[in-house]
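So the chains spell out like this:
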Amino acid sequence: MSVNLQTPIDYLKGVGPNRADLLRSELDIKTYQDLINLFPNRYIDRTKYYKINELQRNNAEVQIIGVITGFKEVAQKRGKRLVADFKDETGMMELVWFRGQKWIRESLKIGQPYVIFGKTNWFSGKYSIPHPEIELQSEHNNNLRSAMQAIYPSTEKLSNKGITNRVVTKIMQQLFLETKGRFIETLSDSTKNELKLVSKSDALFNIHFPKTPEQLSRAQFRLKFEELFYIQLQLILKNLIHKSKIKGFPFDKVGDYFNSFYNNHLPFELTNAQKRVLKEIRQDLGSNAQMNRLLQGDVGSGKTIVAFMSILMGLDNGFQCCLMAPTAILSAQHYNGLFELCKPLNISISLLTGSSKTSERKKIHENLENGSLQILIGTHALLEDKVKFKNLGLAIIDEQHRFGVAQRSKLWHKNTSPPHVLVMTATPIPRTLAMSVYGDLDISVIDELPAGRKPIKTVHRFDNNRLKVFKFMKDEIAIGRQIYIVYPLIQESEKMDYKDLMDGHESISREFSMPDYQISIVHGKMKPADKDYEMQRFVKGETNIMMATTVIEVGVNVPNASVMIIESAERFGLSQLHQLRGRVGRGAEQSYCILMTSHKLSQDSKTRLETMVRSSDGFEIAEVDLKLRGPGDIMGTQQSGVLNLRIADIVKDKDILEQARYYAKNILKLDSSLALPEHRVILDTYRQMSKYRNIWNYIS
Ligand code: ADP
Ligand code: MG
């Protein structure tokens, strides 16, 4: 009979109530299962023994055989420390204890060979090891010790209370004894065979007690694959269930609006990427399932026209469509742009924002409900309960990070049946991250910029080069260009940022004084109407310079602006820098981005600046960002499971992730309900999985 892995950890021999409490509170280990899934952080090679004269000043963990020749107590600021002289045939060193001295003193014997293990310090001409692991050589030889020793995650409290790595290793051994190291298999035979994966039991044994690096890496591969496989399976299943359960409105016609626009009014030739994405969207809209698609495309890649043509598909099938943007400025810009495109087609379109007048609102509400209004553009105002559509068929959301999931779902409830949803983002998300975070959405990518764009020249300048930068600005203004100067905006230090902007404004106004130069300024403390006014002056070309905090980050389109100056650039994240740079380079002229910083730069800041100067590829920049910050800090990932990975790492284990997704997809393609006998094990595991939050609670 096998041991029930849900058994509380208290029952394991060698644990007991005190240790069980600590394991629970410190490492969240409640059951046998949790303990098995406590995967080591790293491993050390315990087959190697050092001589004292081989030690180096690198703080390494070493294992040495030698004898204690004597003890002394040394007084120190608080209390005293116990020091043992330890020697082998090549030299002398010290072992040091700050705690548990009485017990150490009584149990260690002078003149007997010991094996010690620990981190070396170099201090006033001598090596020492504080609190070494220590055992008699005779015992050491008897203990079954794997060559690569696992080092487990721990906490200060655990080690202070005596639950050292050695203790954890011992209770892990006990667990394998009691369970005989036999665990239920959780992957199908065919997957295991095809990928030559080791069995579950082998993997678990070798992750804890590997004898060779090869065994370890096979165990790691199997467990990482498994972890990623079940996450992908879950995401893909969610997507499939969604598609089969939630019926969308099939837009089966390609009608007059679309054709007329495509044939007569398209202002430019679409890029191949735009064409491909439109096809993907068209396929979704034409099917019976509700579309739930994420459209990624770098700034300037031309997402708006794709949005508009998708809207035309909706209109051709008699539905209303809406487009929601995160700010009033952006909504207005979309409205103005689309209004022009709608004119020749005779399509009705309105703009609704927080500052729309009551009479306007009333009219919009009315026309929406009676169906005479075909397209509604706007901000969050679209989500208000009063806004009711006659038949909303497609909702497009621009810049999705600004909207929460809850807000998105609000749009759904504006109908008896949810509209198709297209979410557009200009923040390129690395593929692996997208697969994990948005794995339940379908993803389209515009990975090509319209032809003829000149790459933006990006440079890094230190603050003391400002005069040269001013000169450059004047030259650009003289040939008719406009310039952005952006200051950081960080919530916590809003006051300071405001001051930075104001100080900057003062010095810029002095250098670029009226009436020769006109300056706009926009910041978070201004009334929306004032912001709008200032923005409009710049859009119309009435001002030469736009000074702003990051409020202009998203979407603003002023093709004549050709210089982006970012102040305190070291304070911006990579994706933000890239977004800001995307404000220029929208016209035919050569554009520039100047990153201004002080001389004091951290290593990460340097990497960010170098990346910006070197690359203009949003996806490449996003990959660097992911490496620098880890998935935890990338927007939108916080709520998703990617952070709770136990063993895999979505940055380092990209290839395994791709494989896992591929297998999960193929299995579901063949057998979407996991009904085949060979998939029984996957179904069982998957069912267990839905009971628990952390996937490793079910996987063993
Ligand atoms: P984003 O993806 O950042 O929202 P936009 O949709 O605002 O980009 O497009 C940026 C600019 O490029 C706009 O002025 C748009 O008219 C233009 N544009 C879009 N697609 C093309 C294309 N295929 N050829 C030429 N210009 C294009
Ligand atoms: Mg846009």
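Bear in mind the structure is a predicted one, so any value in this text is a computation, not a measurement.

Novice: Could you give an account of the sheet that holds strand β22 (residues 592-597), with specific residues and numbers?
Specialist: Sheets are built from strands paired through backbone hydrogen bonds, the pairs being either parallel or antiparallel. Taking strand neighbours across the sheet as the criterion, the 6 strands line up as β17-β22-β21-β18-β20-β19 in an open arrangement whose pairing is parallel. Only two strands of the sheet have a single neighbouring strand rather than two, namely β17 (457-462) and β19 (519-522). Within the sheet, the average angular offset between the axes of one strand and its neighbour, ignoring direction, is 20°. Lying over the sheet, helix α19 (residues 528-539) contacts β18 (482-487), β19, β20 (545-549) and β21 (561-566), oriented at roughly 145° with respect to β19.

Novice: Give me the site of ligand 1: which residues, what numbers.
Specialist: Close to ligand 1 lie 16 residues; Glu269, Gly300, Lys303, Thr304 and Arg453 are nearest. In the model, a nitrogen atom of ligand 1 is placed 2.9 Å from a nitrogen or oxygen of the Glu269 main chain. Between ligand 1 and Thr304, the relevant distance is 2.6 Å, taken from an oxygen atom to a side-chain nitrogen or oxygen of the residue. Relative to its unbound accessible surface of 560 Å², ligand 1 loses 77% to contact with the protein.

Novice: I'd love a proper account of the environment of Gly255, names of residues and values included.
Specialist: Structurally, Gly255 is set in the loop between α9 (213-245) and α10 (256-265). Taking the C-alpha atoms as reference points, Gly255 and Val563, separated by 308 residues in sequence, lie 42 Å from one another.

Novice: A description of helix α14 (residues 358-370) should follow, citing residues and the corresponding values.
Specialist: Taking 1.5 Å as the rise per residue, α14 with 13 residues should run 18 Å; its terminal C-alpha atoms sit 18 Å apart, in good agreement. Among all positions in α14, only Arg361, Ile364, His365 and Leu368 are buried. Looking straight down α14, one finds that the buried residues subtend no more than 100° of arc, so they occupy a single side. Those residues of α14 that are exposed and aimed more than 90 degrees away from the buried face are Ser359, Lys362, Lys363 and Glu366. On its buried side, α14 packs onto β11 (320-324), β12 (349-352) and β13 (375-378). Phi turns positive one or two residues past the end of α14, at Gly371, with a value near 90°.

Novice: Lay out the packing of aromatic side chains with the relevant residues and their values.
Specialist: Within the structure shown, the criterion is met by 18 aromatic pairs. Ring centres 5.8 Å apart and planes at 20° place the aromatic pair Phe225 and Phe229 in the stacked group. Pair noted here: Phe225 and Phe229 are both in helix α9, with a separation of 4 residues, about one helical turn. When sorted by exposure, Phe225 lands in the same class as Phe229, which is buried. What links up through ring pairs into an aromatic cluster is the set Phe225, Phe229, Tyr230, Tyr662 and Tyr663. A cation sits over an aromatic face here: Lys474 above Phe512, 5.3 Å from the ring centre.

Novice: So what's going on with the nonpolar core? Residues and values would help.
Specialist: Grouped together as the largest cluster of nonpolar side chains are 52 residues, with contacts concentrated most on Phe225, Phe229, Leu233 and Leu376. Sequence-distant contacts of Leu376, defined by excluding residues within four places in its chain, comprise Cys321, Cys322, Leu323, Ser350, Leu351, Leu352, Ile364, Leu368, Leu382, Val387 and Phe389. One finds Leu295, Ala307, Leu345 and Leu422 within the second-largest nonpolar core, a separate group that totals 38 residues.

Novice: Outline the side chain of Glu94, supporting the account with residue identities and numerical values.
Specialist: You can see Glu94 is positioned in strand β4 (residues 91-97). Overall, the relative accessible area of 14% leaves Glu94 in the buried class. In contact with Glu94, not counting residues within four places along its chain, are Lys72, Val83, Ala84, Asp85, Lys126, Tyr127, Ser128 and Ile129.

Novice: Could you give an account of the packing of α10 against helix α12 (residues 303-316), naming the residues involved and the relevant values?
Specialist: It is at 7 Å that the axes of α10 and α12 come closest, and there the two elements cross at 145°. Contact with α10, carried on its side by Asp256, Tyr257, Phe258, Phe261 and Tyr262, involves Ile305, Phe308, Met309, Leu312, Met313, Leu315 and Asp316 of α12 and no other residues of that element. For the contact of α10 with α12, the class distribution of residues is 10 nonpolar, no polar and 2 charged.

Novice: An account of the pattern of salt bridges is needed here, citing residue identities and associated values.
Specialist: Applying the stated criterion across every chain yields a total of 35 salt bridges. Where Asp28 meets Lys30, a salt bridge forms, and the shortest distance between an N and an O atom there is 3.1 Å. Taking relative accessible area as the criterion, Asp28 reaches 49% and is therefore assigned partly exposed. Given a relative accessible area of 43%, Lys30 falls into the partly exposed group. Here the salt bridges do not stand alone but share partners, grouping Glu185, Asp189, Lys192, Lys200, Arg222 and Glu226 into one network.

Novice: So, the pairing of strand β16 (residues 442-446): which residues are in play, and what are the values?
Specialist: Side-chain alternation along β16 places Asp442, Ser444 and Ile446 on a buried face and Ile443 and Val445 on a face that remains uncovered. Across 5 bridges, the pairing between strand β10 (residues 292-297) and β16 is parallel. If you follow Arg293 over to β16, its bridge partner there is Asp442.

Novice: Account for the sheet that holds β13, naming residues and giving values.
Specialist: An order of β12-β13-β11-β14-β15-β10-β16 is seen for the 7 strands of this open sheet, with the pairing classed as parallel. With partners counted over all chains shown, the strands left at the sheet margins are β12 and β16, one partner each. Within the sheet, the average angular offset between the axes of one strand and its neighbour, ignoring direction, is 20°. As paired strands, β10 and strand β15 (residues 420-425) are joined by 5 bridges and run parallel to one another. Bridged to Leu295 within β15 is Met424. Packed on one face of the sheet, α14 meets β11, β12 and β13 and runs near 130° to β12.

Novice: I'd like a rundown of the packing of helix α21 (residues 603-614) against helix α22 (residues 618-629), residues and numbers included.
Specialist: Remark: α21 packs on α22, axes separated minimally by 10 Å, with the N-to-C direction vectors making an angle of 170°. What the angle tells us is that α21 and α22 run roughly antiparallel. Between α21, through Asp604, Thr607, Arg608, Thr611, Met612 and Arg614, and α22, the contact on the second element is made entirely by Glu620, Ile621, Val624 and Leu628. Here the residues of the contact of α21 with α22 sort into 4 nonpolar, 2 polar and 4 charged.

Novice: How would you sum up the side chain of Thr31? Please name residues and give values.
Specialist: In this structure, Thr31 sits in the loop between α1 (16-27) and α2 (32-36). If sequence neighbours within four positions are ignored, Thr31 has contacts with Leu5, Gln6, Thr7, Pro8 and Ile9.

Novice: Give a description of helix α20 (residues 574-581) that names residues and reports values.
Specialist: The buried fraction of α20 amounts to 6 of the 8 residues, a majority that puts the element mostly inside the structure. If you check which residues of α20 are buried, you get Leu574, Leu577, His578, Gln579, Leu580 and Arg581. Packed against the buried residues of α20 are β17, β18, β21, β22, α21 and α22.

What counts, and where the lines are drawn
Residue numbering note: each chain is counted from 1, following its sequence as written. Each chain is given a letter, starting from A, and each ligand a number, starting from 1, according to the order in which they appear as written. Selection of residues for local features in this predicted model requires a pLDDT of at least 70, selection of side-chain atom pairs for listing and counting requires 80 or more, and totals for whole chains, interfaces and linings are taken over all residues. For side-chain calculations, the full set of non-hydrogen atoms in the structure is used, while hydrogens and water are omitted. When DSSP finds at least two bridges between two strands, those strands are taken to pair. Helix and strand definitions follow DSSP, with helices as H or I runs of at least four residues and strands as E runs of at least two, each counted in order from the N terminus. Angular values range over 0 to 180 degrees, each being the angle between N-to-C directions of two axes fitted as lines to C-alpha atoms, with helices fitted over their stretch in contact. Any two residues whose heavy atoms approach within 4.5 Å are treated as being in contact. Throughout this document, a residue counts as near a molecule or strand when at least one of its heavy atoms sits within 4 Å of that molecule or strand. Each polar contact in these results corresponds to two N or O atoms within 3.5 Å; when the atoms are within protein, one needs to be able to donate a hydrogen and the other to accept it, and residues that are neighboring in sequence are counted only if both atoms are side-chain atoms. Shrake-Rupley sampling with a 1.4 Å probe provides the accessible areas, and residues are treated as covered by the protein chains on show and by no other component. Expected span of a helix: the number of residues minus one, times 1.5 Å. Think of it in three bands: with a 1.4 Å probe and only protein chains considered, a residue is buried below 20% of the maximum accessible area for its type, exposed above 50%, and partly exposed in between. Working note: the arc is built from the helix axis to C-beta atom directions. Between rings of Phe, Tyr and Trp, where Trp is taken as its six-membered ring, a pair exists when centres lie within 6.5 Å; planes separated by under 30 degrees are stacked, by over 60 edge-to-face, and by other angles tilted. Any Lys NZ or Arg CZ found within 6 Å of a ring centre and within 35 degrees of that ring's normal is scored as a charge over the ring. What makes a nonpolar core is a set of buried Ala, Val, Leu, Ile, Met, Phe, Trp, Tyr and Cys residues whose side-chain atoms join them at distances within 4.5 Å. Asp, Glu, Lys and Arg are counted as charged, while Ala, Val, Leu, Ile, Met, Phe, Trp, Tyr, Cys and Pro are counted as nonpolar; the rest, among them Gly, fall into the polar class. In the sections that follow, a salt bridge refers to a side-chain nitrogen of Lys or Arg positioned within 4 Å of a carboxyl oxygen of Asp or Glu. When describing relative orientation, an angle under 35 degrees is termed roughly parallel and one over 145 degrees roughly antiparallel, while 65 to 115 degrees is termed roughly perpendicular and anything else oblique.

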